[in-house]
Amino acid sequence: MSHRAAKGPLQGPLSTLTPADSVLESTFGERLALHSDAMSRWMGWRLRLLVVFALVGCLGLFLLAREMASLPRVDASWRANADNRVELVRAADPILEPLAGQVLVAVQADGRSVELKDALTLQRSARWVVDDEARQRHHLLHEELDALLSQPAVQFVFAGGRSAYVQTAPRGFAGLPAVYWLLCAMALAVYLVGIVVLMAKPNGRNLLYALITLCQAGNLVFIAIESSADLAMPDLVAHLDLPLRIGFDLFTAAAIVHAASVHPRRLPGAPAIAVSAWLLAAALTVGVSAGRVPYGWWWVQAAVVAYGLTMVALMTWSHQLEPHPFATVLRRFGIVTLVTWVLLTASLAAAITHPGVLHNIASIGSTVWYVFFASLIVLVPFLSRSQQVMREFSLLAAVSTVATSLDLLFVAVFSLGQFASLTLALFVALAAYSGARQWILTQLLGSSMLTTERMFEQLYRIAREVEAHPERTGMLLSELLRDLFEPMEVLLAERRVRATRVSSDGSTLILPVPALGGDGSVARGSIVLRFARRGRRLFTFEDARLTARVVEQLRRAVAFDKAVEQGRSEERARIAQDLHDDIGARLLTLMYKAQSPEMEEYVRHTLQDLKTLTRGLAAANHSLSHAAAEWKADLSQRLTAAHVQIDWAFDADKEIMLSVVQWSALTRVLRELVSNTIAHAQATRVEVSLVLRKDRLDLQIQDNGEGRNPRAWAHGLGLGGVRKRVKQLGGEVEWRELQPRGIGCRVTIRELSARS
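Note that the structure is a prediction, hence the values are computed from the model and not measured.

Conventions we followed
- Residues numbered from 1 in each chain as written.
- Predicted model: local features only at pLDDT ≥ 70, side-chain atom pairs only at ≥ 80, totals over all residues.
- Heavy atoms only, no water.
- Core = buried A, V, L, I, M, F, W, Y, C linked by side-chain atoms within 4.5 Å.
- Buried < 20%, exposed > 50% of the residue type's maximum accessible area, 1.4 Å probe, protein only.
- Helix = DSSP H or I, 4+ residues; strand = E, 2+ residues; numbered from the N terminus.
- Contact = heavy atoms within 4.5 Å.
- Expected span 1.5 Å × (residues − 1).
- Arc of directions from axis to C-beta.
- Pairing = 2+ DSSP bridges.
- Axes fitted to C-alpha atoms, helices over the stretch in contact; angles between N-to-C directions.
- Phe/Tyr/Trp six-rings, centres within 6.5 Å; stacked < 30°, edge-to-face > 60°.
- Lys NZ or Arg CZ within 6 Å of the ring centre and 35° of its normal.

**Student:** Would you explain the nonpolar core in this entry?
**Tutor:** Within soluble globular proteins, side chains that are nonpolar tend to cluster in buried spots. In this structure, Trp-128, Tyr-180, Ile-225, Leu-250, Tyr-307 and Leu-348 are the most contacted members of the largest nonpolar core, which totals 85 residues. Of all the secondary-structure elements, those providing two or more residues to this core are α4 (45-70), α6 (178-200), α7 (204-228), α8 (235-262), α9 (270-289), α10 (296-321), α11 (325-350) and α12 (355-379). Discounting residues that sit within four places of it in the chain, Ile-225 has contacts with Leu-64, Met-68, Tyr-180, Met-233, Pro-234 and Val-237. Listed in part, the 35 residues of the second largest apolar core include Ala-628, Leu-639, Leu-673 and Leu-697.

**Student:** Would you take a moment to explain helix α20 (residues 624-641) for this structure?
**Tutor:** Since the α-helix packs 3.6 residues into each turn, any two residues three or four apart lie on the same face. Relative to the 26 Å expected for 18 residues at 1.5 Å per residue, α20 spans 26 Å between its end C-alpha atoms, a close match to the ideal helical length. By the burial criterion, the buried members of α20 are Leu-624, Ala-627, Ala-628, Trp-631, Asp-634, Leu-635 and Leu-639. In a view along the axis of α20, the buried residues occupy a sector of 135 degrees, so they form one face of it. Opposite its buried face, α20 presents the exposed residues His-626, Thr-640 and Ala-641, each directed more than 90 degrees away. His-643 sits one or two positions beyond α20 and adopts a positive phi of about 60 degrees.

**Student:** I would appreciate a short explanation of the sheet that holds strand β18 (residues 731-737) in the present structure.
**Tutor:** Across a sheet, paired strands are connected by hydrogen bonds in the backbone, their directions being either parallel or antiparallel. The strand order β14-β16-β17-β19-β18 describes an open sheet built from five strands, whose pairing is mixed. Looking at the sheet topology across the chains shown, the edges are occupied by β14 (645-652) and β18. On average, each strand axis in the sheet is tilted by 10 degrees relative to the strand beside it, whichever way the strands run. Here strand β16 (residues 685-693) runs beside strand β17 (residues 696-703); their pairing, made up of eight bridges, is antiparallel.

**Student:** Looking at this structure, I do not really get the packing of aromatic side chains. What am I missing?
**Tutor:** Each aromatic ring pair is summarised here by two numbers: the centre-to-centre distance and the angle between the ring planes. The final tally for this structure, using the stated rule, is 14 aromatic pairs. For the pair Trp-369 and Phe-373, a centre-to-centre distance of 5.0 Å together with 15 degrees between the ring planes defines the contact as stacked. With Trp-369 and Phe-373 both in helix α12 and four residues apart, this pair spans about one turn of that helix. Residue class for Trp-369 comes out buried when judged on its relative accessible area of 7%. A residue is classified by how much of its surface remains accessible, and Phe-373, at 8% relative accessible area, is buried. Here the aromatic residues Trp-128, Trp-297, Trp-298, Trp-341, Trp-369, Tyr-370 and Phe-373 are joined through ring pairs into a cluster of three or more. Taking NZ or CZ as reference, Arg-127 lies 4.5 Å from the ring centre of Trp-128, over its face.

Set out below in structure tokens:
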């Protein structure tokens, strides 16, 4: 699609070009929806490889859990007190239990001793230690403590000279905390989602997604390990924590930028953008991990922000080139994620001078952010599945993450108590949510703008047109769906699908053209809608279900209208028969008993009018040429009797059939206009012109009478009835004054056959 075509509104008739089928192929190229042998593919190497990856993931987590369960530990809980010292909270060992609330100053074992001057040891991950020097000391401290705690017995020395000699023992699987199992389960789920997406359709974009999920699964595993640690991290984990955690963050950001440069549209210069992103991530990871980059933590945080801004810019650029809704949604998710990352970074920066607060922010805030981000990553492949679920999840995740970030920021900046800061953060987050809820619900993924009233009007109109012209079902239904979803493109494809479907990226909705005519014919082809709300939102499964319901309601409307029309036809036939049998017989008797030739002639013409009326009521439709001949005969008889000359002109470029409603309305309009001329104009000549061109009917009646200034006329039952009947036909009526004298009336009905 060109830039101009992407931005301009959809105008003109429905597109029925050949590329519709190619669009169908490319959009639903997953082939799971188009080929009967789709499921058999999963019985091949992909399914086996998926099972292998799943087993590897489960086995890896099991081995990790076994290793963590076998590590010796002391069953005790520690925390950082107000003075940034390590304080014993509780202990299951009876020797340590009386020392709860005491400050730990040293750990000794096997003739070695490690002094604890502050609570740095409780900072589990070096990734979230801001100061370079503190990060190096953190690594050495955990290495020494891990070596001491691996001994069979450990002596804890507390402030005031008190000490306790405690035996260490493996914690066992039951000793691993519940949060460890929860985070490991989430890591496995994130990892498996990435593998499933990659196996479903192996390509470069899905490989990038799998890499992102693998990095986030790694982050969650490290957080799970940290949650089970006491005073020290295992030595191997402590060595790998910093380089891997930095790599996970930077490579995730680089992969996101790379993906944004090629999806949903390959941008100009995409290879250069991708290479630059990967090189920067690799260089920064190596430099910070090796301690060669001063202020390494700040560089990493700033790099992630830069990557986030780049991703948002690329999505904006992509949307300008082609307004794909996937770009819009990812841009919004990117902005929300970037804002929460900046909040977390600001909280840590503000708490540098408060080590105790810094520890809480680093442990709690980072965990909340990673869980939030991993949830968003898992959500991406399912963006087109459920709009309601996406909205609720996004709102819940955003509110909870913002509330947590604000809580930590309030503690760091204003030194509020934990309860006060949490309460204030919740109030601020909920207030912002309440004020912005309507905007979020309508802008996050968009919403349909077609009102219920307009929907019913469209359904009724289309039902009438489909009943008269079943071959136009596809075009008429496309017009309704265009108003409902406001797509960028509406195409009619010759290939037919079996059911309404949504593409995996949410860009396209496709449905089979239904057979609504009821004439036994089988509908062919499909309707393809691309880029809902002008590219501002995704198609979802709810849209597919709504479309199916619209089609079903349209089918019912057509059936109901046919039943009503059949009832009307039967009733009209009954009335016509009664008029013919009763009133016709009485008029015939009256004609033979007339007292004068003039009365006999009048009754004869009245009887002829009655026969014309009954034939019209009994017939289902009338050809325009036959109706015009009857109208000419009727008007000529009436005007001749009134000594008025008639000039009749009729011209049609094709023969069409008038419904009984159209025939009846036009008949009464002509009679009323001629009656007004006879009764009020005192005219000597009337010109009647009836022209049909390109399905447009123009009826003109002009006289040379004494009528003037039609704008000042009082429209009673006569002229009011003319206006009403013309409006029912979807037409327009206009009276104008002629020069030197007379009145002209023009009735225009566009698309006459479409309204039959």
